[in-house]
Structures are given as C-alpha cells and as structure tokens.
Amino acid sequence: RIQILFEVMNSLEPGSKYSLVQCGELQVSHVSPHKRVIGKVFGSINRRWEKHTVMLTDTQLYSQEKYGIFSMPIFLDLIQHIDVVTVSTWEPAINSAVQLRFTDGIVLLQASSPYERDQWFHSLLWKFNILNSKKALKLTSCPEIIAKELKSLVNIALTSQLHDPQIWTDCLVMISNQLNHTNSLPPNALEEIIEALGPALGQLNPPTPELCDFFSRYCRDGPCAATAVVVFAPGVHCILKHNVDFGRYTYIRTFARDFIIALASQDTCPENLPCFIHTMHSPGARCPHPRVLPNLMAVFLAAIWSAFDTKCTYRRNSSVNLLLGSNRNDSNGNNKLPKEKVTTCFMRMIDLCSQHDDWVKEMAPLMQPIPFPEEALKYKPFVEGMACVLKRFAGDNRAEVRECIFPMREGKESWIQLIAPDHNYCPDNGEIFCQIVRILLDKAAVRRKLVRLLGHSCLDAFRLMVIRGDEFFVKMLSEMVESDVIEDKEQKSEALSTLRSNPEGERLYKAMCDRQTALSKLAQLGGPTKLAMPAHSTDSDVEKILSSGPFGNLEKLSLAFTCVTSDCAKHLVKLPNLQHLNLWCTQFGDSGLCMLAEHCTRLRSLNLCETLVTDEGLQALTELKSLTCLNLNSTRLSAQVFEELISKLPHLSSYDIRYTEACEGFSEFVRGTPNDDTQL
C-alpha cells in the first residue's frame, strides 16, 4: 500500500495539504472492463456521467439520490485499486478523475476542480488503508505481524497529504485497541511503534490532543518510557521553540511536563536534565529562540500547581479515557502528581535555567509576583530549592534582577519576606535570609538604597535577628537607624529599643549619638565656603585639614591634581553642605563614588575627569537628583550607563564625555559651559 501511495503521489500537486472529505458533488461514471482497443474506444464515446451528492464513511460510498450507479452503496473493502487517471481525449472538458477499480469494472469520480479531485483521492486512499489494516489485524495474533502492520499504518499517516486531526485519531484508536487487547506484544515491537509515532510531533502544528495524551501515557507509566524520552525529544524541542498557546492547548503543556518528568526519572542518566536545558538554550551566550524560556516556565509552573494545589488535578475527557483506557487511572479519572517528585524535578529545572545569564533577566520579573500555590510555599524542600535561585538573583550584576526579590508594590508579599525568619513559611532559622542579605549588600552600588528597601520590607525580621544576638543584623539595624530610612516614628522607636537591648547594639547606639552630636556642632560652627587643596595632597592631608577646624559651611571643595583615593570619601561625607566637588586627575575610584552618592545628596556639580571610576560606580550617580553639571572626560564610561544617567538625572544641564566609549554613540560630546565650580 505504501508503494502504491508513492507511485500515485508523483502525479499530484506537490506540497498541497488537504482535509478529510466526507461529502461532495461529483460526476460519476461506470466503465466496463474492455481488453480490446476497439472496446475501450467505443466505451469512452458512449460513456454516461451521473451527478451525485456522494457521502464517504469508514466503510462505504453512497449517494443521497440513490439512482443509477449509486442505487446501492459501494463498499470500500471491494475496491482493488485507487488511482488518478487521465480520461479519454475525446472528452476535452474532463481532464482526469479518481479511478476505483473493482473486479467487475471501474468507477470514475470527477470533481469540479483538481484540488477537490486530489482531496477525494487522498480521503478515499486513507479510508481504504485503514479498512485493510483493520482486516489484516483481525486475521492475525502474531505480535511481530501486528507491530509491522501498525508501523506501516503510522508511516502512511506521516506520508499522507491529508492534514486533518482525524487521521491521527483513527490511527491512535487502532493502536490503542491493539495494545489494550494484546498482552503478549514484545517490548521491542512496542518500541518500534513508539519510534514510528515520534516524527508526528514535528509534523503536526499543533499536535492533536489524542497524540499528546497517547505520548503522555507512555512517558508516565508505559513500559517503554526510556525509549519515549529519546524518540520524543526532537518533537518537544520543536514545540518549546515556537509560539504555543498553552492556555488553549493545555494537553501540549501536559505532554511536555510528563516528558520532563520521564527525563528526570532515568536513573542511569543523571545528566539528562542539564543536557536538555543546554540543548534548548543552545551553546551560545544568548538563546536564539525567544519563546523557549516563557514556554518552559509555563510548563514548570503548571506542573507545580497541579502537584500542590488541592483543586488542580489532571483530568482526561471521556473520549481520551476511551482512547487510552482507564485501567491505569483511579476511579475518578484523576492523575495527581506526587509533590516530592515534582519538587525535585522542576526546582532542578528552574535552577538550571537560572544558570544562563540571558535567561535570568527574563526569569526574575516572572518570579517577582510569587507564582506558586500556598501549599508549595509551606513545603520546606520547595522553599529550600528556591533558595539557590534566589541567591543567583541576589548575586546578579544587574539591579533590575536583584530588585525582583523585593515586593512589586506595597502590600504585595515578596521572596525576601518569605524566607525571613519572622515568616510562617521560613524553612530555617534565618540562615538563607542572612546569606541573601549579605550577597545583596556586596553587589549593591548604592548601599543606602538597599538598606531602605530592606527596612521597608524586613524590619521585623532584622529586629528578631538582633534579639537572637546576630552581630551582622545588629550592625545592619544600627545602620538603618542612623541612615534615617525608617520613616514611621513608632517603628523607629521599636527599632531603637531592640538595638539597645543588645550589648553590641547599645555600644553602636552611643557611638551613633556621638557622631550625630559632632555633626550638629560642626554645622553650627560655620567656617569657609570654599577650599582648594594643594597639588600632591594625600588622603591623610585631607583628613588633617578637615579635622583642624570648622567646615560646616563648606560648599565648594577642589582636590584636583592631588593624590587622594577613594579612602578620602569617608571624610568628605561629613561635610553637610558640600555642593561642588572637583576630583580632576586623582586616584578616586568606584567605592568612594558610591559612598558620595549615598551621603552627599546635595551635590550639584561633580568633576571626575581622568579618574579611575567605571560603570559600576557611575551607576550610583543616579541617586544625585540635584546634579546639574558632570564632567566624565577620559573615564571608562559606556554608552549604556550614560543613557541611564541622562534619563534619571532630571536637572543635568551640562556634561563632558569626550574620550570615553560613550562618545561613540552620541553626537553631542559636550553640553553646556563648565562653570567655575567644576574648574575649582
């Protein structure tokens, strides 16, 4: 039958796809078999065509008019051969027709167009093959012959030009019936059938519900799950790399979920999951398929919901239960996933995805509004599995990724609150929370901003850790109080009481009071408004001059052409009224610049020409909202960071970016005229 199919396909329009036809208007003619040429000639001249509304079922052809040739139905099992033939040249109006050959003659079916003719041909050929396969399977009980016949049927479905879900429904019903009624089918024969079905995943877009559910069955609990993993991998890759409406085609998402679980269940290949994620991402630094990560996350989240949410169970509809059989399901037709297996598998998958730098940036916003059911958050191994992902978010160099650990808006719960020791779902005594806070502080370009976020989100957790005697949180709570990030008076009073309840906290509190008293006195004493240090001055020289007298009124300070480094920043932040600072041609770097951005928020002009600052420190300048003049000439400034500075500094009216990487992307290297403050 396959050979006949390939022979006839050569005469048809290449590449055309047809739907399975069930009814149509056809011209029908009966031709008696003539062996002699003269009989064929007179037969074509006297040929009579009848118009019928022909109906096609699984077993027969019949006409609604019921006269002439179709006074009785034509049974498909009586057909010997189906072909497309050219009708005699004496009838130029009719070029070709579908020929049905019987033992007692030939029936010609002529459609109104070549497309409709080919559609009828493929539909008849498919019904003819299905019927013959059923007959062949009824006549044998040999497992090898059954496997060969089923594999042949799958190959016919794959090579057919019919693009209709019904052909796979017919195919899978036959396969399922045979598998349910044939207990002696050897594993190698079953593997051959699964291997034959595998390519259908890549050819059908989207795959049919019957096909996906059939594959899901063998991924979950079939005897050939290992074979299914290998065979279905190319099809799953194809599904995940293209646009898939998982809301509409939930059965595709279920199949992808079952495939991943089967992949993780292969004890002999522990590297299956890393290899799968690596293949989906591709070897490069950036994944070329933008739909892969959203599709994977949809599968992961749906699997976790189905395992933990008490209202979410996997249910098959009645037709699928009939197709696959209900002997493997419980009485209600439910198939609840075990939460231990799902947690181990999909938390591992999420962790593997977060190891790719380009995917982390897309994953973090998806995870910021906690997308998991409450039952999952109560499950300790689940939260412990998420800890690895959260640490990776916290250690990312991009601020937008780190901020996804915090709430989207006030009143919304966040990951940093979930792992805090004062939360009901905290999996430990605060160890994970402490690790993530430390990582965040190490990566923060602007420490004050992070301390403010932590104060708004986790103040009670900090107080609890101080009460338990954790020295790290004692220092952090002291910093929150001194930085004045706690706006509510009652909360600030509670924080002070908690801080003073600890001996180390009491010491830090007294030192903080002494510093604030000294700053208050310094502001009251007055002093000069302008100061320029001599060339080659060092950090110790700056410390001596600033500690020698009152500088509460100092607004303009020039350290140009001196030998100062970032260490002098700890003395500069003590100047309460500093507005103009010149660091031209010094060894000043990123750490000092971050400290200035946190504390010297009144700065209006800043000269960093020929200093050691880089993008890491320059990003902190976005906190200086009063900045109007900025000189970054001859620094390691990139175009991306400069664009960020332009967008986040509303009052910046003059700048100089000559001899930097940023000048390559901007036509205006210098804007405005540097005033005396930057040249101080």
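Residues numbered from 1 in each chain as written. Predicted model: local features only at pLDDT ≥ 70, side-chain atom pairs only at ≥ 80, totals over all residues. Heavy atoms only, no water.

Engineer: Sorry, what's going on with the packing of aromatic side chains here?
Structural biologist: Each aromatic ring pair is specified by the distance between its two centres and by the angle formed by the two planes. All told, the structure shown has 15 aromatic pairs when counted by the stated rule. Considering the side-chain rings of F462 and F473, the 5.0 Å spacing of their centres and the 80 degrees angle between planes classify their relative orientation as edge-to-face. Pair noted here: F462 is in helix α21 (residues 447-467) and F473 is in helix α22 (residues 471-483), with a separation of eleven residues, a long-range link. Of the two residues, F462 and F473, both sit in the buried class. Ring geometry for F561 and W584: centres 5.1 Å apart, planes at 45 degrees, overall tilted. (Phe/Tyr/Trp six-rings, centres within 6.5 Å; stacked < 30°, edge-to-face > 60°. Helix = DSSP H or I, 4+ residues; strand = E, 2+ residues; numbered from the N terminus. Buried < 20%, exposed > 50% of the residue type's maximum accessible area, 1.4 Å probe, protein only.)

Engineer: Would you mind going over the packing of α21 against helix α23 (residues 489-500) with me for this structure?
Structural biologist: Pairs of packed helices are described in terms of their axes, by the angle between the two and the distance that separates them. Interaxial distance between α21 and α23 falls to 9 Å at its minimum, and their mutual angle equals 15 degrees. As the angle between them shows, α21 and α23 are arranged roughly parallel. The element α21 and its partner α23 pack so that their crossing is left-handed. Residues L459, R463, V466 and I467 of α21 pack against Q491, E494, A495, T498 and L499 of α23. The class makeup of the residues in the contact of α21 with α23 is five nonpolar, two polar and two charged. (Axes fitted to C-alpha atoms, helices over the stretch in contact; angles between N-to-C directions. Parallel < 35°, antiparallel > 145°, perpendicular 65-115°, else oblique. Left-handed = near helix turned anticlockwise from the far one by under 90°. Contact = heavy atoms within 4.5 Å. Nonpolar A, V, L, I, M, F, W, Y, C, P; charged D, E, K, R; others polar.)

Engineer: In this structure, what is going on with unusual backbone geometry? I would like to understand it.
Structural biologist: Peptide bonds are trans in most cases, and residues, glycine excluded, mostly fall at negative phi. Within the chain, K66 stands out as a residue other than glycine whose phi angle is a positive 55 degrees. Inspection of the secondary structure puts K66 in the loop between β3 (60-63) and β4 (74-75). By relative accessible area, which is 60% here, K66 ends up exposed.

Engineer: Where do I start with the confidence of the model for the chain in this structure?
Structural biologist: For any part of a model where pLDDT is low, the fine detail of the predicted coordinates should not be relied upon. Confidence in the prediction of the chain, expressed as mean pLDDT, is 81, and 82% of residues score 70 or more. Of the regions scoring below 50 in pLDDT, residues 35-42 engages in three contacts with residues more than four places distant in sequence or in other chains. A low-confidence stretch, residues 312-334 stays under pLDDT 50, and its non-local contacts, those more than four residues away or across chains, total 39 contacts. (pLDDT = per-residue confidence, 0-100.)

Engineer: Please clarify how the sheet that holds strand β6 (residues 96-102) should be interpreted in this entry.
Structural biologist: Backbone-to-backbone hydrogen bonds pair the strands of a sheet. The strands run either parallel or antiparallel. Taken together, the seven strands give an open sheet; going across it, the order is β4-β3-β2-β1-β7-β6-β5, and neighbouring strands pair in antiparallel fashion. Strands at the two margins of the open sheet, each flanked by one partner only, are β4 and β5 (81-86). (Pairing = 2+ DSSP bridges.)

Engineer: For this particular structure, what's the right way to read the nonpolar core?
Structural biologist: A general feature of soluble globular proteins is that nonpolar side chains tend to end up buried together. Among the nonpolar cores identified, the biggest contains 128 residues, and F276 and F372 are the most heavily contacted of them. The element contributing the most residues to this core is helix α12 (residues 292-308), with eleven residues. What F276 contacts, discounting residues up to four positions off in sequence, is V236, H237, L240, F259, I260, L263, L296 and M349. Counting residues in hydrophobic clusters, the runner-up holds 39 residues, among them L546, A569, L618 and A662. (Core = buried A, V, L, I, M, F, W, Y, C linked by side-chain atoms within 4.5 Å.)

Engineer: What's the story with the environment of L293 in this structure? I'm lost.
Structural biologist: As for its placement among the helices and strands, L293 is situated in helix α12. The spacing of L293 and L240 is 53 residues in sequence and 8.3 Å in space, taken between C-alpha atoms. In this structure L293 touches C353, W359, E362 and M363, once residues within four positions along its chain are discounted.

Engineer: Hey, could you run me through the pairing of β6 in this one?
Structural biologist: A regular strand places its side chains so that they alternate between the two faces of the sheet. Across the seven residues of β6, six count as buried, placing the element largely inside the fold. Across six bridges, the pairing between β5 and β6 is antiparallel. Looking across to β6, one finds that D83 is bridged to Q99. Pairing of β6 with strand β7 (residues 105-110), which is carried by five bridges, proceeds in the antiparallel orientation. Looking at the pairing, Q99 lines up with L108 of β7. With antiparallel pairing between neighbouring strands as the criterion, β6 and β7 make up a hairpin whose turn holds two residues.

Engineer: What's the story with the environment of C629 in this structure? I'm lost.
Structural biologist: Tracing the chain through its elements places C629 in strand β12 (residues 629-631). Once the C-alpha coordinates of C629 and S653 are considered, the two residues, 24 residues apart in sequence, prove to be 6.3 Å apart.

Engineer: Help me understand α22, please; the structure alone is not making it clear to me.
Structural biologist: Three or four residues apart is the spacing at which side chains of an α-helix point the same way, because the helix has 3.6 residues per turn. With 13 residues, α22 extends 18 Å from end C-alpha to end C-alpha; this agrees with the ideal 18 Å at 1.5 Å per step. Along α22, ten of the 13 residues are buried, which leaves the element largely enclosed by surrounding structure. Taken residue by residue, α22 has F472, F473, V474, M476, L477, S478, E479, M480, V481 and S483 as its buried positions. The distance from a side-chain oxygen at the start of α22 to the backbone nitrogen of F472 is 3.0 Å, and the residue carrying that oxygen is D470. Count one or two residues on from α22 and you reach D484, which has phi positive near 60 degrees. (Expected span 1.5 Å × (residues − 1). Polar contact = N/O pair within 3.5 Å; in protein donor to acceptor, adjacent residues only side chain to side chain.)

Engineer: Help me understand the sheet that holds β12 in this model?
Structural biologist: The seven strands lie next to each other as β8-β9-β10-β11-β12-β13-β14, forming an open sheet whose pairing is mixed. Lying at the two open borders of the sheet, with one neighbouring strand each, are β8 (530-532) and β14 (670-671). Pairing between strand β11 (residues 605-607) and β12: three bridges, direction parallel. In the sheet register, L606 faces β12, and the bridge partner there is L630.

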